[in-house]
Amino acid sequence: MTIGLLSTIAAVFYGGTVSILALTATFARRRKLRCEARSTLAVLVPGRPPESQQVDREPGGPHGTGPRH
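Residues numbered from 1 in each chain as written. Predicted model: local features only at pLDDT ≥ 70, side-chain atom pairs only at ≥ 80, totals over all residues. Heavy atoms only, no water.

A. The arrangement of a nonpolar patch on the surface in detail. On the surface, a cluster of nonpolar side chains totalling about 350 Å² of accessible area is made up of Tyr 14, Val 43, Leu 44 and Val 45. Inspection of the secondary structure puts Tyr 14 in helix H1 (residues 2-27). For Tyr 14, a relative accessible area of 40% corresponds to the partly exposed category. (Patch = residues over 30% accessible without salt bridge, like charges linked within 9 Å, V, L, I, M, F, W, Y side chains within 5 Å. Areas by Shrake-Rupley, 256 points an atom, 1.4 Å probe, with all protein chains shown as cover. Salt bridge = Lys/Arg side-chain N within 4 Å of Asp/Glu carboxyl O. Helix = DSSP H or I, 4+ residues; strand = E, 2+ residues; numbered from the N terminus. Buried < 20%, exposed > 50% of the residue type's maximum accessible area, 1.4 Å probe, protein only.)

Given below as structure tokens:
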């Protein structure tokens, strides 16, 4: 029971943190605060790399839509 309770508390804390950061990243008035919230979200939520680390894909690359050479 203790492990389940700790897991539930951790999940609620993580979900709340991510929710607050998402709202801040979307609705903050100051640009710097929005950028900092987005950077923190990029660390906490796996998925796409942050905008500063994204690589433009070539149209003919393995993930592009153009013809391969």
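B. Seen up close, the nonpolar core. Grouped together as the largest cluster of nonpolar side chains are five residues: Val 18, Leu 21, Ala 25, Ala 37 and Leu 41. Listing elements by their share of this core, those giving two or more residues are H1 and helix H2 (31-44). The biggest single contributor to this core is H1, with three residues. Ignoring any residue separated from it by four or fewer positions in sequence, one finds Ala 37 in contact with Leu 21, Thr 24 and Ala 25. (Core = buried A, V, L, I, M, F, W, Y, C linked by side-chain atoms within 4.5 Å. Contact = heavy atoms within 4.5 Å.)

C. Quick look at the environment of Thr 26. Its location among the elements puts Thr 26 in helix H1. A residue is classified by how much of its surface remains accessible, and Thr 26, at 49% relative accessible area, is partly exposed. Sequence spacing of Thr 26 and Arg 38 is 12 residues, and the spatial spacing of their C-alpha atoms is 8.7 Å. Polar contacts involving the side chain of Thr 26 include one to the main-chain carbonyl oxygen of Ala 22, which spans 2.8 Å. (Polar contact = N/O pair within 3.5 Å; in protein donor to acceptor, adjacent residues only side chain to side chain.)

D. Structural detail: the packing of H1 against H2. The contact between H1 and H2 brings their axes to 8 Å, and the two run at 145 degrees. Crossing geometry of H1 relative to H2 is assigned as left-handed. Between H1 and H2, the residues in contact are Tyr 14, Thr 17, Val 18, Leu 21, Ala 22, Thr 24, Ala 25 and Thr 26 and Leu 33, Arg 34, Ala 37, Arg 38, Thr 40, Leu 41 and Leu 44, respectively. Within the contact of H1 with H2, the residues separate by chemical class into nine nonpolar, four polar and two charged. (Axes fitted to C-alpha atoms, helices over the stretch in contact; angles between N-to-C directions. Left-handed = near helix turned anticlockwise from the far one by under 90°. Nonpolar A, V, L, I, M, F, W, Y, C, P; charged D, E, K, R; others polar.)

No statement about biological role is implied by the geometric values presented.
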